[in-house]
Amino acid sequence: MNIVKTISEIQKKIKKYKSEGKTVGFVPTMGFFHEGHLSLMDIAKEKCDIVVVSLFVNPTQFAPGEDLDIYPRNFERDEKLAISAGVDILFYPDLDEIYPKGYLTYIYTEQLSSILCGKFRKEHFQGVTTIVAKLFNIVQPNIAVFGQKDYQQAIIIKRMVRDLNFPIKIILGPIIRERDGIAMSSRNKYLSKEERDQAKIINIALKKAKEEFDSGIIEANIIKENIRKKIQTSDLARIEYIEIVNSVNLDSIKSVKSGTFAAVAVYYGKTRLIDNIDF
Ligand code: AMP
């Protein structure tokens, strides 16, 4: 595996691969790999000749006061995991390689970026679309793989790709969970033992919502209220939002049907967890 720090070097390598007729699959990450990240690398490997993974903790998607400074990092561990996943290039740029002094340009996908998580994390998705657009221009992959764990992010990126004519196919990987159902996340590391134990209620509540839908309940308000009640049985949980939306344009819906999903954001202490389930 090659560890590449500069844009010029990665572009040279990609150009060579492409001149040999090889396809490139790309997985953007902020590192501190878990099975969720590795599953996306597996998908890229299945679909393409070459797998490129970026590891960059992107400051523009964190608001002041969020967890940028304490975001978990462990490059040596990530390097080993990437090697064992069969990654060809690990792109690990420094901050000023990506945002040199005087950087001024941002990408923003309207509407989709100001609802759900975007309502509470105002500049978050602008930071995400900006970094992903930059990485797409740098790596120029044939496909890019994102996790359904960050469903809104994936939908925004699909829209950006369509609106800005990136010749890149976006593929979504399913949510990878711990044995007790909690969605894997680099941020789970922040949870105390008690918070970690209680946080499994989030997935239990979402699975129950799916069961309710499967048994014939379709009123979104009823299903949302039941999710709320279930999560509130955990006394450390502070619910930020519970929404049921369609998976094309994230519109709120009244009647649940297939092609819609429930999304939640819940705080345990200072740790903000998100999860979702498809109906
Ligand atoms: P991050 O490093 O948290 O920015 O995530 C990098 C990619 O991994 C994003 O596409 C995420 O949606 C995806 N991802 C994060 N957690 C999971 C998970 N538990 N299962 C599947 N994909 C995930």
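As the structure is a prediction and not an experimental result, all values here were calculated from the model.

Draft legend 1. The arrangement of the sheet that holds strand β1 (residues 2–4) in detail. Sheet architecture is open: six strands sit in the order β1-β4-β3-β2-β5-β6, paired in parallel fashion. The open sheet is flanked by β1 and β6 (169–173), the only strands paired with a single partner. Averaged over neighbouring strand pairs, the angle between their axes works out to 25° when direction is ignored. As paired strands, strand β3 (residues 50–55) and strand β4 (residues 89–91) are joined by three bridges and run parallel to one another. Its bridge partner lying in β4, S54 is registered against F91. Helix α1 (residues 7–19) rests against β1, β2 (24–29), β3 and β4 of the sheet, and its axis sits at about 150° to β4. Most of the contacts of helix α7 (residues 151–163) go to β6, to which it runs at about 170°, and overall it touches β5 (143–147) and β6.

Draft legend 2. Inspection of the nonpolar core at higher detail. The biggest cluster of nonpolar side chains holds 43 residues, and the ones touching the most others in it are I10, V52, V132, F136, V139, I157 and I170. Per-element accounting of this core gives the leading share, nine residues, to helix α6 (residues 124–139). Structurally, this core is a two-domain feature, drawing no fewer than three residues from each of domain 1 (2–173) and domain 2 (186–278). Look past the residues within four positions of V52 in its chain and what remains in contact with it is I10, I14, V24, G25, F26, V27, I89 and V139. F213, I223, I277 and F279 belong to the second largest nonpolar core, which has 26 residues in total.

Draft legend 3. Main features of helix α2 (residues 35–47). Between its first and last C-alpha atoms α2 spans 18 Å; for 13 residues at 1.5 Å apiece the expected length is 18 Å, and the two agree. Buried residues along α2 sit against β2, β3, α3 (75–84), β5 and β6.

Draft legend 4. Spatial organisation of a negative patch on the surface. Among the surface-exposed residues, E35, D42, E46 and E178 lie close enough to one another that they form a single negatively charged patch. Structurally, E46 is set in helix α2. Assessed through its relative accessible area of 67%, E46 is described here as exposed.

Reading the values: the criteria
Residues numbered from 1 in each chain as written. Predicted model: local features only at pLDDT ≥ 70, side-chain atom pairs only at ≥ 80, totals over all residues. Heavy atoms only, no water. Pairing = 2+ DSSP bridges. Helix = DSSP H or I, 4+ residues; strand = E, 2+ residues; numbered from the N terminus. Axes fitted to C-alpha atoms, helices over the stretch in contact; angles between N-to-C directions. Contact = heavy atoms within 4.5 Å. Core = buried A, V, L, I, M, F, W, Y, C linked by side-chain atoms within 4.5 Å. Buried < 20%, exposed > 50% of the residue type's maximum accessible area, 1.4 Å probe, protein only. Domains from an automatic or database assignment. Expected span 1.5 Å × (residues − 1). Patch = residues over 30% accessible without salt bridge, like charges linked within 9 Å, V, L, I, M, F, W, Y side chains within 5 Å. Areas by Shrake-Rupley, 256 points an atom, 1.4 Å probe, with all protein chains shown as cover. Salt bridge = Lys/Arg side-chain N within 4 Å of Asp/Glu carboxyl O. Lys, Arg positive; Asp, Glu negative; His and termini not counted. Charge placed at Lys NZ, Arg CZ, Asp CG, Glu CD.

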